[in-house]
Amino acid sequence: MKLEMECLKWEKCFGDWINARKSFVKFLDRWLIKCITRENEETRNGIAHFWRSRVGTPKTFIVCTDWYQVMEKMSESQVSAAIHDYASSLHQLWEKQSEEQQQRVKADYLSKDYERRVRPFYGERGINYSNGTAASGVAGLDELEK
């Protein structure tokens, strides 16, 4: 249960971390756009702004712009979904183990109850009964008819 909760916290922290990185890169990209002289360049498609063209643009600016575009396209939802699915699997495993533990406890109780009830039955018939079996290991029909 604790591991499941830690996974869910990790999922939230991961999403927050990615969103913080996206915000940082977006801020940095916008700041660079404001700081760089905006010269226009003539292209086949018309006028292109300096900061959208790569000719003569400082490499730092290009890296930052590419980083921003990659971060915008990136989806953390698949990773978050995988972490969430993992936490769900842990929860299902925990429930199954809990159910199996309850079945073991019930089986132990029923086994002890059976032995408690069988001992007097064998005792009345003069059969030595210990550790869940008659003295011979198997109670024959002849022994039970007495």
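Residues numbered from 1 in each chain as written. Predicted model: local features only at pLDDT ≥ 70, side-chain atom pairs only at ≥ 80, totals over all residues. Heavy atoms only, no water.

Observations concerning the overall build of the protein
The following threshold applies: For helices the rule is a DSSP run of H or I covering at least 4 residues; for strands it is a run of E covering at least 2, with both sets numbered from the N terminus onward. Whether two residues touch is decided by their heavy atoms; if any such pair falls within 4.5 Å, the residues are in contact. Accessible surface is estimated by sampling points in the Shrake-Rupley manner with a 1.4 Å probe; for residues, cover comes only from the protein chains shown.
Along the backbone of the protein there are 4 helices and 4 strands. Listing every helix and strand of the protein by position from the N terminus yields α-β-β-α-α-β-β-α. Of all intrachain contacts in the protein linking residues separated by at least 6 positions in sequence, the fraction that spans at least 24 positions is 49%. As displayed, the protein offers around 11,500 Å² of accessible surface, 56% of which is attributable to carbon and sulfur atoms.

Notes on the side chain of E76
Operational definition: Exposed residues in this analysis have more than 50% of their type's maximum accessible area, buried residues have under 20%, and partly exposed residues fall in between, with area computed by a 1.4 Å probe over protein chains only.
Take E76: it is sitting in the loop between α2 (59–73) and α3 (77–124). For E76, a relative accessible area of 18% gives the class buried. Leaving out residues up to four positions away in the same chain, E76 has contacts with F14, I18, N19 and K22.

A word on the packing of helix α1 (residues 2–35) against α3
Put simply, the rule reads: In this analysis, axes come from line fits to C-alpha atoms, helices being fitted only over the stretch in contact, and the angle between any two N-to-C directions falls in the range 0 to 180 degrees. Here is the rule for angles: anything less than 35 degrees is roughly parallel, anything more than 145 is roughly antiparallel, 65 through 115 is roughly perpendicular, and the remaining ranges are oblique. Think of it as three bins: nonpolar holds Ala, Val, Leu, Ile, Met, Phe, Trp, Tyr, Cys and Pro, charged holds Asp, Glu, Lys and Arg, and polar takes everything else, Gly as well.
The geometry of α1 relative to α3 is characterised by a closest axis approach of 9 Å and an angle of 170° between their N-to-C directions. The angle between α1 and α3 places the two elements in the roughly antiparallel class. Mapping the contact onto sequence places L3, E4, C7, L8, W10, E11 and F14 in α1 and V79, S80, I83, H84, Y86, A87, L90 and H91 in α3. Considered class by class, the residues forming the contact of α1 with α3 number 10 nonpolar, 3 polar and 2 charged.

Comments concerning the side chain of S80
Looking at the secondary structure, you find S80 in helix α3. Judged by relative accessible area, S80 falls into the buried class, the value being 13%. Leave out the neighbours within four places in its chain, and S80 touches E11 and F14.

Some details on the pattern of salt bridges
To be explicit about the condition: For salt bridges, the criterion is a side-chain nitrogen of Lys or Arg within 4 Å of an Asp or Glu carboxyl oxygen.
In this structure the tally under the stated criterion is 7 salt bridges. The partner of D16 in a salt bridge is K12, with the nearest N and O atoms 2.7 Å apart. Note that D16 and K12 are positioned in helix α1 at a spacing of 4 residues, about one turn of the helix. The class for D16 is partly exposed, based on a relative accessible area of 41%. Between R119 and E115 there is a salt bridge, with its nearest N and O atoms 3.4 Å apart.

Considerations on α2
Owing to its 3.6 residues per turn, the α-helix brings residues three or four apart onto one side. The test is simple: Working rule for helices: expected span equals 1.5 Å times residues minus one.
Here α2 contains 15 residues, and its C-alpha end-to-end distance of 21 Å stays within 8% of the 21 Å for a straight helix at 1.5 Å per residue. Lining the buried residues of α2 we find α1.

Remarks on the environment of L32
Tracing the backbone through its elements, the reader meets L32 in helix α1. In this structure L32 comes out as buried when scored by relative accessible area, which is 13%. A C-alpha to C-alpha distance of 9.3 Å links L32 and T60, two positions 28 residues apart in sequence. Once residues lying within four places of it in the same chain are set aside, the contact partners of L32 are F61 and C64.

Brief notes about the confidence of the model for the protein
Our working definition: Every residue gets a pLDDT, meaning the predictor's confidence in that residue, from 0 to 100.
Averaged over the protein, the pLDDT score is 78; the fraction of residues at 70 or greater is 74%. Confidence, expressed as mean pLDDT per element, reaches its minimum in the protein at helix α4 (residues 141–145) with 53 and its maximum at α3 with 88.

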